[in-house]
Amino acid sequence: MTALNRVPSLMARAGTASALTLAAVSGSIVVPGVASEASAATANTALRIAASKQGSPYQWGATGPRRFDCSGLTLYSFKRAGKTLPRTAAQQYNKSRHISAGSRRAGDLVFFHSGSNVYHVGIYAGKGKIWHAPKTGDVVKLQKIWTKSVWYGRVR
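Heads up: these notes are all about the structure in this document.

What counts and how
Residues numbered from 1 in each chain as written. Predicted model: local features only at pLDDT ≥ 70, side-chain atom pairs only at ≥ 80, totals over all residues. Heavy atoms only, no water. Helix = DSSP H or I, 4+ residues; strand = E, 2+ residues; numbered from the N terminus. Buried < 20%, exposed > 50% of the residue type's maximum accessible area, 1.4 Å probe, protein only. Contact = heavy atoms within 4.5 Å. Areas by Shrake-Rupley, 256 points an atom, 1.4 Å probe, with all protein chains shown as cover. Salt bridge = Lys/Arg side-chain N within 4 Å of Asp/Glu carboxyl O. Pairing = 2+ DSSP bridges.

We now examine the overall build of the protein chain. Helix and strand content of the protein chain: five helices and six strands. Sequence-ordered secondary structure for the protein chain, helices as α and strands as β, is α-α-α-α-α-β-β-β-β-β-β. Residues counted as buried form 39% of the 156 residues belonging to the protein chain. Intrachain contacts of the protein chain at a sequence separation of at least 6 include 51% that bridge at least 24 residues. Entry remark: accessible area of the protein chain is about 8,900 Å², with carbon and sulfur atoms responsible for 55%.

Take a look at the structure:
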């Protein structure tokens, strides 16, 4: 019998026992909000790491620690925060949990696209701004999002 199938009989025997007690007895404990809080802490750490790279030169294909391209900065920042991301912006989009603009929060990824083609990524800093490595000849910086052609993703 699975833990889920045992819950009704456990509830009948437990009377006024809490759901947490029942979960502990059945062998599985789920604490609401803990996973999302851990995820937010990781995203905030990645955001701080990206910000610490302010002024680092852009270099196509670079993944740090001194030079970055756009997806190299996000990869480096999340790796240092304990999460693994794929190499390119498009691969990172495919791996992230897609969220609405209204659900975005600091530390989420911002993907720039043309049609279905993702061509750039940064880390959302709040207030409509991102940390990113823009292009050759530029440096890692905080910048206002300049287009509405963006999608948002949350690192899992």
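Note that side chains of opposite charge can pair when their charged atoms are close. The final tally for this structure, using the stated rule, is three salt bridges. Taking the shortest distance from any N to any O, the salt bridge between Arg 154 and Asp 108 comes out at 2.8 Å. Here Arg 154 is found in strand E6 (residues 150-154), whereas its partner Asp 108 is found in the loop between strand E1 (97-99) and strand E2 (109-114), with 46 residues between them in sequence. The residues Arg 154 and Asp 108 share a single accessibility class, namely buried. Lys 141 is paired through a salt bridge with Asp 138; the nearest N and O atoms lie 3.0 Å apart.

Bringing unusual backbone geometry into the picture now. A cis amide bond links Gly 64 with the next residue in sequence, Pro 65, at an omega value of 5°. By the secondary structure assignment, Pro 65 is in the loop between helix H3 (34-52) and helix H4 (70-80). You will see that Lys 127, though not glycine, has its phi angle at about 55°, which is positive. Looking at Lys 127, the relative accessible area reads 81%, which means it is exposed.

Before going further, it helps to examine H4. Counting buried residues in H4 gives nine out of 11 residues, a clear majority hidden from the surface. The complete set of buried residues in H4 reads Cys 70, Ser 71, Gly 72, Leu 73, Thr 74, Leu 75, Tyr 76, Ser 77 and Phe 78. Positioned one or two residues after H4, Gly 82 has a phi angle of 100°, which is positive.

Take the pairing of E2 next. In terms of burial, E2 is largely enclosed, as five of its six residues are buried. Here E2 pairs with strand E3 (residues 117-126) via six bridges, running antiparallel. By the bridge assignment, Val 110 is partnered in E3 with Gly 122. Direction of pairing for E2 relative to E6: antiparallel, over a ladder of four bridges. When the sheet's bridge partners are listed, Leu 109 is paired in E6 with Gly 153.

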